[in-house]
Amino acid sequence: YRLIMMNEHSIDTDNRKANNALYLFIIIGLIPLLCIFVVYYKTPDALLLRKIATSTENLPSITSSYNPLMTKVMDIYCKTAPFLALILYILTFKIRKLINNTDRNTVLRSCLLSPLVYAAIVYLFCFRNFELTTAGRPVRLMATNDATLLLFYIGLYSIIFFTTYITLFTPVTAFKLLK
C-alpha cells in the first residue's frame with residue numbers, strides 16, 4: 001500500500017511539473033499578442049506591423065475589416081502556436097505520467113478521433129480566409145473593438161496550442177495504456 005501511495009505521489013509531482021511548464025508556455029505564447037496590441041495601440045501605422053502584414057499577405061488569415069492590420073498580424077502569429085506546443089511536448093514528454101485509471105476504450109476512441117478533430121481545427125483556423133465582421137452575431141460584435149479582438153486572438157491561440165499539445169500526447173497515452 002505504501003509503494004502505491006509513493007507511486008501516486010510521484011505521478012502527481014511529475015504531472016504538476018508538466019502542468020507548470022504548460023502554464024508557463026501558454027503565458028509566454030500569449031505575450032506577443034499583447035505586444036502586437038500595445039504596438040498597434042501606441043502607433044496604429046507601425047512599420048513593423050505593416051511589414052509583417054505585407055510580407056504575409058498571400059497567407060490565408062482570419063481578419064476583421066474593422067482593423068485589418070492588427071488582426072492580420074495577430075492571426076499570422078497564432079499560426080505559430082503548434083510549434084510552441086511541439087516544443088513543450090518534447091520538453092514534457094518524459095515528465096508527464098499516465099494516470100492508470102484511464103479507460104482503454106476512451107483512450108482508443110480519442111486516439112482515432114483526436115487527429116480528425118485537430119485536422120478540422122487547424123484547417124478552419126490556419127488554412128482558410130475568414131472575415132470576422134461577416135460571422136455570427138457574437139463574433140461580429142467582437143470584431144468591431146480592438147480589445148475584444150485581442151480576446152478573440154488569445155482564445156484562438158489557446159485553442160490551437162492546447163489542441164496541438166493534446167493531440168501530440170494521445171498516441172503516447174494509447175501506447176502506454178496498451179503496453
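What follows is about the overall build of the protein chain. Helix and strand counts for the protein chain come out as 7 helices and 2 strands. Secondary structure elements of the protein chain, listed N to C terminal, follow the sequence α-α-β-α-α-α-β-α-α. The principal-axis extent of the C-alpha atoms belonging to the protein chain is close to 65 × 30 × 30 Å. Burial status across the protein chain gives 39% buried among its 179 residues. When contacts within the protein chain are restricted to residue pairs at least 6 apart in sequence, those whose partners lie at least 24 apart make up 81%. Carbon and sulfur atoms make up 69% of the accessible area of the protein chain, which totals about 11,100 Å².

With that settled, consider the pattern of salt bridges. Under the defined criterion, the tally for this structure stands at 2 salt bridges. Two residues, Asp-45 and Arg-50, come together in a salt bridge whose shortest N-O distance is 2.4 Å.

A cluster of nonpolar side chains, namely Leu-112, Leu-113 and Leu-116, defines an oily patch on the protein surface of about 340 Å² accessible area. Following the sequence through the fold, Leu-112 ends up in helix H5 (residues 104–126). Using a relative accessible area of 65% as the deciding quantity, one classes Leu-112 as exposed.

With respect to the helices and strands, Ser-158 occurs in helix H7 (residues 146–178). Judged by relative accessible area, which is 15%, Ser-158 ranks as buried. A sequence separation of 23 residues divides Ser-158 from Ala-135, and the C-alpha atoms of the two residues are 20 Å apart. Excluding residues that lie within four positions of it along the chain, Ser-158 makes contacts with Ile-26 and Leu-30.

Here we come to the packing of aromatic side chains. The geometry of two aromatic rings is summed up by the distance between their centres and the angle between their planes. Scanning the entire structure with this criterion turns up 8 aromatic pairs. Taking 6.3 Å as the distance between ring centres and 15° as the angle between the ring planes, the aromatic pair formed by Phe-37 and Tyr-41 counts as stacked. Linking Phe-37 with Tyr-41, this pair stays in helix H1 (residues 2–42), spanning 4 residues, or about one helical turn. For Phe-37, a relative accessible area of 19% corresponds to the buried category.

About the thresholds
Residues numbered from 1 in each chain as written. Predicted model: local features only at pLDDT ≥ 70, side-chain atom pairs only at ≥ 80, totals over all residues. Heavy atoms only, no water. Helix = DSSP H or I, 4+ residues; strand = E, 2+ residues; numbered from the N terminus. Buried < 20%, exposed > 50% of the residue type's maximum accessible area, 1.4 Å probe, protein only. Contact = heavy atoms within 4.5 Å. Areas by Shrake-Rupley, 256 points an atom, 1.4 Å probe, with all protein chains shown as cover. Salt bridge = Lys/Arg side-chain N within 4 Å of Asp/Glu carboxyl O. Patch = residues over 30% accessible without salt bridge, like charges linked within 9 Å, V, L, I, M, F, W, Y side chains within 5 Å. Phe/Tyr/Trp six-rings, centres within 6.5 Å; stacked < 30°, edge-to-face > 60°.

Shape is all these values report; function is a separate question.
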